[in-house]
Amino acid sequence: MRAPVTEATPQKAPRMKPWIEAIHAYAPGKSKAGDGRSLIKLSANENPLGTSPAALEARAEAVMPSLYPDPDSTGLREKLGELHSIDPARIVCGTGSDELLNLAVQAFAGPGDEVLFSRFSFSVYDIATRRCGATPVEAPDRDFGTDVDAMLGLVSERTRVVFIANPNNPTGSYLPQDELARLHAGLPADVLLVIDQAYAEYVAPEDDDGGMALAAAHENVLATRTFSKIYGLAGERVGWGTGAPGIIAALNRIRGPFNVTLTGQKAAVAALGDQDFVRNSRLHNQVERQRFVERIEALGNHGLRPLPSEANFVLVLFEGALSAEAAAEGLADRGFAVRHLPGQGLPQGLRITIGTQQQMEIVAATLREMAEAAR
Ligand SMILES: *Cc1c(COP(=O)(O)O)cnc(C)c1O
């Protein structure tokens, strides 16, 4: 314990709050090798097909940088409402969905409160919780996925917010509609359930998890989505969320006043209008993910194990002679950045974004060579 600050022991510099000091900063996916070489990024789940041409065009035409953007992202909320059949008043946009995830905790939890999420889920949940002084509570996983019973078993009087990423990052696991509904039904009405659907558009529409419907029907559900993944606009930082008016009003109180840029709003509206691009991206991902998973499954005798994924990445476990660390180094030598996650309790795992067909062939072939050579 540090001695209390008195006049006799002046501080030489501002001191961060202890709960801020406890945060491990978010570690972004790598884009460079140790020696500074640029790598092909299969480390941040970006869209290998790029961005819809319509969105690129709208973005290029949106030039009035001397003026603030629309503070309420009105056109974007209207377009989202139209596409998803939601009243735009029940939508809030953010500087990426990251802003909204942070605001959700900030608005509903504080010191002494608990925020619950699964082990091996998105690292932002821990950061968002700690930065407002609340206490993170991690539920044990089931086969690396969400265990609804374990989650519900950890709900206490102090629980204020529950996070679930569906599909989950970094594991790719997915809770079907009935399980998500069961999680919601088991929560007290005054606990906010945040359903982070960053990868929802990669799931076949008939397998929808029902998160948006829960957000439409209940007072305690916020569903969030992003333009960073399938829409190919990660660089523009646009996300959105929907829920009951009380939740949206709380987030609007504390969000950045001009939180979505002009180019971001214009590009996102145009991207929503190009659902062919979204379908093509989903189809590409489905085909290449399947092909990649089969190639990795064929290396099972060398201890490589791909976890089932509904997202645009696969978490590959290395349980044989070839370690995840060595595999990541070998892939970097061949020009690819992937995500090693020892800081998230997964030293044996590499999260690999589904890239182009050619990229995935080289990655799979490189892993096979390394696995066969390892002893
Ligand atoms: C990528 C990702 C996000 C999206 O973050 P943005 O701030 O919208 O770019 C949100 N949640 C999860 C689980 C993610 O993987």
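Please read all numbers here as calculations on a predicted model, not as lab measurements.

Points about the site of the ligand
- Taken together, Gly 96, Ser 97, Asp 98, Phe 122, Asn 169, Asp 196, Ala 198, Tyr 199, Thr 226, Ser 228, Lys 229 and Arg 237 make up all the residues around the ligand.
- With respect to the ligand, the side chain of Asn 169 contributes an N or O atom lying 2.7 Å from an oxygen atom.
- The side chain of Arg 237 places a nitrogen or oxygen atom 2.7 Å from an oxygen atom of the ligand.
- In isolation the ligand exposes 390 Å². Once the protein is present, 92% of that is buried.
- Broken down by element, the shell around the ligand gets its largest block of residues, three residues, from helix α4 (residues 96–108).
- For the shell around the ligand, the residue count by class is three nonpolar, five polar and four charged.

Quick notes on the domain arrangement of the chain
- In terms of domains, the chain is made up of domain 1 (30–49 + 277–373) and domain 2 (53–273).
- Once you take the C-alpha centre of each, domain 1 and domain 2 turn out to be 26 Å apart.
- Summing the contributions of domain 1 and of domain 2, the shared interface buries around 1900 Å²; its carbon and sulfur component is 63%.
- Sorting the residues of domain 1 by area buried against domain 2 places Arg 282, Glu 310 and Gln 344 first, and these three jointly supply 30% of that buried surface.
- At the boundary of domain 1 and domain 2, one finds zero salt bridges.
- At the boundary of domain 1 with domain 2, the tally comes to seven residue pairs in polar contact (both at pLDDT 80 or more).
- Sorting the residues of the side of domain 1 that touches domain 2 by element identifies α11 (275–297), β10 (313–318) and β13 (346–353) as the ones contributing at least two each.
- Take the side of domain 1 that touches domain 2: its biggest share by element is five residues, from α11.
- Split by residue class, the side of domain 1 that touches domain 2 holds 11 nonpolar, nine polar and five charged.

So, the pattern of salt bridges
- Counted by the stated rule, this structure contains 16 salt bridges.
- Linking Glu 21 and Arg 15 is a salt bridge whose minimum nitrogen-to-oxygen distance equals 3.9 Å.
- Of the residues examined, Arg 15 reaches a relative accessible area of 43% and is grouped as partly exposed.
- One salt bridge in this structure joins Arg 160 and Asp 190, with 3.2 Å as the shortest N-O distance. In this pair, Arg 160 sits in strand β5 (residues 159–165) while Asp 190 sits in the loop between α7 (177–185) and β6 (192–196), placing the two residues 30 residues apart along the sequence.
- Under the relative-accessibility criterion, Arg 160 is labelled buried at 17%.
- Through salt bridges that share partners, Asp 149, Glu 179 and Arg 182 make up one connected network.

Some thoughts on the UniProt feature "modified residue: N6-(pyridoxal phosphate)lysine" (unreviewed entry) in the chain
- Under the UniProt annotation, the feature "modified residue: N6-(pyridoxal phosphate)lysine" (unreviewed entry) is placed at Lys 229.
- Along the chain, the position of Lys 229 falls in the loop between β7 (221–226) and β8 (238–243).
- When its relative accessible area of 13% is taken as the criterion, Lys 229 is described as buried.
- Once you skip the residues sitting within four places of it in the chain, Lys 229 turns out to touch Ala 44, Asn 45, Asn 47, Ala 198, Tyr 199 and Tyr 202.

What about the pairing of β10?
- Among the six residues that make up β10, six are buried, leaving the element largely enclosed by the rest of the structure.
- What you see with β10 is no split at all: Phe 313, Leu 315 and Leu 317 on one side and Val 314, Val 316 and Phe 318 on the other are buried throughout.
- Relative to β10, strand β9 (residues 304–306) is paired through three bridges, and the arrangement is antiparallel. What sits directly across from Arg 305, in β10, is Leu 317.

Here's the deal with helix α9 (residues 245–254)
- Listed in full, the buried residues belonging to α9 are Ile 247, Ile 248, Ala 250 and Leu 251. Within α9, the buried residues cover an arc of 160° as seen down the axis, which keeps them to one side. With respect to the buried face of α9, the exposed residues turned more than 90 degrees away are Gly 246 and Arg 253.
- Elements that come into contact with the buried residues of α9 comprise β2 (91–95), α4, β6, β7 and β8.

Remarks on the packing of aromatic side chains
- Scanning the model with the defined rule gives eight aromatic pairs in all.
- Pairing Phe 227 with Tyr 231 gives two aromatic rings, centres 4.9 Å apart and planes at 45°, and the pair type is tilted. Tyr 231 carries the same exposure label as Phe 227, and that label is buried.
- Here the guanidinium or amino end of Arg 339 rests over the ring plane of Tyr 26, the centre of that ring lying 6.0 Å away.

Structural notes on the UniProt feature "domain: Aminotransferase class I/classII large" (unreviewed entry) in the chain
- Here the UniProt-annotated "domain: Aminotransferase class I/classII large" (unreviewed entry) positions come out as residues 39–366.
- The span residues 39–366 shows a helical share of 38% and a strand share of 19%, and its end C-alpha atoms are spaced 15 Å apart.

Structural notes on a nonpolar patch on the surface
- Together, Met 16, Trp 19 and Ile 20 make up a nonpolar patch on the protein surface, roughly 270 Å² of accessible area in all.
- Along the polypeptide, Trp 19 turns up in helix α1 (residues 18–21).

Some thoughts on the sheet that holds β9
- With respect to topology, four strands assemble into an open sheet ordered β9-β10-β13-β12, the strand pairing being antiparallel. The two strands at the open ends of the sheet, each matched to only one other strand, are β9 and β12 (339–341). When the angles between neighbouring strand axes are averaged without regard to direction, this sheet yields 30°.
- Here three bridges tie β12 to β13, and the two strands are oriented antiparallel to one another. Along β13, the bridge assignment pairs His 340 with Leu 350.
- In the packing of α11 onto the sheet, the strands contacted are β9, β10 and β13, and the crossing angle to β10 comes to about 5°.
- This element, helix α12 (residues 324–333), spans β10, β12 and β13 of the sheet and lies at about 35° to β13.

Procedures and definitions
- Along each chain, residues carry numbers from 1 onward, in the same order as the chain's sequence is written.
- Thresholds applied to this predicted model are a pLDDT of at least 70 for local features of residues and 80 or more for the giving and counting of side-chain atom pairs; totals over whole chains, interfaces and linings are not thresholded and use all residues.
- To obtain the side-chain values, all non-hydrogen atoms of the structure were included, while hydrogens and water were left out.
- Near, as used in this document, describes a residue that has one of its heavy atoms within 4 Å of the molecule or strand being considered.
- Polar contacts, as used here, are pairs of N or O atoms within 3.5 Å; protein pairs need one atom able to donate a hydrogen and one able to accept it. Residues neighboring in sequence count only if both atoms are side-chain atoms.
- Exposure was quantified through the Shrake-Rupley algorithm and a 1.4 Å probe, taking into account, for residues, occlusion by the shown protein chains and nothing else.
- A run of DSSP states H or I qualifies as a helix once it reaches four residues; a run of E qualifies as a strand once it reaches two. Both are numbered from the N-terminal end.
- Three classes are used: nonpolar for Ala, Val, Leu, Ile, Met, Phe, Trp, Tyr, Cys and Pro, charged for Asp, Glu, Lys and Arg, and polar for all others, with Gly counted as polar.
- Here the bounds of each domain stem from an automatic or database domain assignment.
- Accessible area that two parts lose when put together, with a 1.4 Å probe and added across both, is what the buried area reports.
- When a carboxyl oxygen of Asp or Glu is within 4 Å of a side-chain nitrogen of Lys or Arg, the pair counts as a salt bridge.
- Burial classes: relative accessible area under 20% of the type maximum marks a residue as buried, over 50% as exposed, and values in between as partly exposed (1.4 Å probe, protein chains only).
- UniProt positions are given in the numbering used here, feature names are shortened, and annotations may be inferred rather than shown by experiment.
- Here a residue-residue contact requires only that any non-hydrogen atoms of the pair lie within 4.5 Å.
- A pair of strands is considered paired only if DSSP assigns at least 2 bridges between the two.
- In this description, the arc belongs to the directions extending from the helix axis to the C-beta atoms.
- A pair of aromatic rings is counted whenever rings of Phe, Tyr or Trp (Trp by its six-membered ring) have centres within 6.5 Å, and the orientation is called stacked for planes under 30 degrees apart, edge-to-face for over 60 and tilted otherwise.
- Charge-over-ring placement is defined geometrically: NZ (Lys) or CZ (Arg) within 6 Å of the ring centre, and within 35 degrees of the ring normal.
- To count toward a patch, a residue needs a relative accessible area above 30% and no salt bridge. Like charges then connect within 9 Å, nonpolar side chains (Val, Leu, Ile, Met, Phe, Trp, Tyr) within 5 Å.
- The convention used is that axes are lines fitted to C-alpha atoms, helices contributing only their stretch in contact, and that angles between N-to-C directions extend from 0 to 180 degrees.

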